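# Understanding the architecture of this molecule
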Amino acid sequence: MPVNRTVYLNGSWLPEADAKISIFDRGFLFADAIYEVTAVVGGKLVDYAGHAARLQRSLKELAITCPLSPEALLDVHREIVARNEVTEGLIYLQVSRGAADRDFAYPAHATPTLVLLTQTKAVLDNPRAKTGISVATIPDLRWGRRDIKTVQLLFPSMAKMEAMRQGADDAWLVEDGFITEGSSATAHIVTKDGVLVTRGLSNAILHGITRASIIDIARSAGIAVEERAFTPDEALAAAEAFITSATSFVMPVVRIDGKTIGTGVPGPISKQLRELYVESRLAAAI
């Protein structure tokens, strides 16, 4: 792990080794915190407006006040990119309710904790985009408010580890007979008729920013879109499958539960949507 990054913590710029948070912080004690991840390409922020809007929605749902104005928060994102000379990678942001004596009830006057850090990572030339990934279906045992992007990610981590134990790269979670989403991404399939199917928005899934962009791009490209739940059997019978997220953009899925999807290689619609996403969102990056 790098030891020379500059991180942002509550208004200060610090070497990562010097950044400290109280053991009484509710993000540590209760996972009482939310987060966002924004991709950086060419030193610019990708799909930032969507991430900023979802951040505010998540904060409102948990009754946490953001320590910075929207304008100041954008400035901090740009500054952390510059300070760490990030050409391509990710910015991780986390806001917790802050430190207070341990109590299940929200404290009346806690000061929120705001952290930003960077990761240098290849998001454009990810080799898995050329080969595709495999997933295993795992029962979805998460809480009922998945629309809030909280840091309580233990079960998604457990699901991913179980998928890896089964020889897959990641997990697709299943509830009441339908796929909800991946461990950290939105799940999509393309039917043999060329229809893009992705689950409709509800409290059952995170309202993916890349998901929204891909749906807009698909419709603009003349690809039919259905926002509805689909079963594992439908996924197995699909012509293509893929995931979307800020870290993977569009990532083809070529095997589900050990069974080949389509031709076993990234399909034409998945590849087209990835190309269109990269082209349009890089042009609009800020």
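First, a word on what this report is: a plain description of the structure on this page. Throughout, residues of each chain are indexed from 1 in the direction in which the sequence is written. Per-residue local features are limited, in this predicted model, to residues with pLDDT of at least 70; the limit for side-chain atom pairs, both in listing and counting, is 80 or more; totals at the level of whole chains, interfaces and linings are taken over all residues. Side-chain measures were taken over the full set of non-hydrogen atoms in the model, leaving aside hydrogen atoms and water.

### Remarks on the packing of helix α6 (residues 209-220) against helix α8 (residues 268-284)
Their axes nearest at 10 Å, the elements α6 and α8 cross at an angle of 105°. As far as their axial angle goes, α8 and α6 are roughly perpendicular. Contacts between α6 and α8 involve Thr210, Ser213, Ile214, Ile217 and Ala218 on the former and, on the latter, Leu273, Leu276, Tyr277, Ser280 and Arg281. Throughout, the ten residues Ala, Val, Leu, Ile, Met, Phe, Trp, Tyr, Cys and Pro are labelled nonpolar, Asp, Glu, Lys and Arg are labelled charged, and all others, Gly among them, are labelled polar. When the residues that make up the contact of α6 with α8 are grouped by side-chain class, the tally is six nonpolar, three polar and one charged. In this analysis an axis means a line fitted to C-alpha atoms, helices contributing only their contacting stretch, and an angle means the value between N-to-C directions, from 0 to 180 degrees. Helix numbers and strand numbers start at the N terminus; a helix is a DSSP run of H or I with at least 4 residues, a strand a run of E with at least 2. We call two directions roughly parallel when the angle between them is under 35 degrees, roughly antiparallel when it is over 145, roughly perpendicular when it lies between 65 and 115, and oblique otherwise. We call two residues in contact when some of their heavy atoms are within 4.5 Å.

### Some remarks on unusual backbone geometry
Unlike most non-glycine residues, asparagine 10 shows phi in positive territory, near 50°. Following the sequence through the fold, asparagine 10 ends up in the loop between β1 (6-9) and β2 (12-15). Despite not being glycine, alanine 31 has its phi angle at roughly 55°, a positive value. Structurally, alanine 31 is set in the loop between α1 (26-30) and β3 (33-41).

### Comments concerning the pattern of salt bridges
A side chain of one charge can pair with a side chain of the opposite charge if their charged atoms are brought near each other. A side-chain nitrogen of Lys or Arg and a carboxyl oxygen of Asp or Glu constitute a salt bridge if their distance falls within 4 Å. One pass over the full model with this rule turns up 19 salt bridges. Across the salt bridge formed by glutamate 16 and arginine 5, the nearest N and O atoms sit 2.8 Å from each other. Taken together, the residues glutamate 16 in the loop between β2 and α1 and arginine 5 in the segment before β1 connect sequence positions eleven residues apart. Comparing glutamate 16 with arginine 5 shows no difference in burial state: the two are buried. One continuous salt-bridge network, built from bridges that share partners, spans Asp140, Arg142, Arg146, Glu175 and Glu181. Three exposure classes are used, based on accessible area relative to the maximum for each residue type with a 1.4 Å probe and protein chains only: buried under 20%, partly exposed in between, and exposed over 50%.

### Side note on the sheet that holds strand β4 (residues 44-45)
The criterion for strand pairing is that DSSP finds at least two bridges linking the strands in question. Read from one edge to the other, the open sheet built from six strands follows the order β2-β1-β6-β5-β3-β4, with strand pairing classed as antiparallel. Each edge of the open sheet is held by one strand with a lone partner, namely β2 and β4. Here β3 runs beside strand β5 (residues 88-96); their pairing, made up of nine bridges, is antiparallel. Looking at the pairing, isoleucine 34 lines up with valine 95 of β5. Against the sheet, helix α2 (residues 48-61) contacts β3, β4 and β5, and its axis sits at roughly 175° relative to β3.

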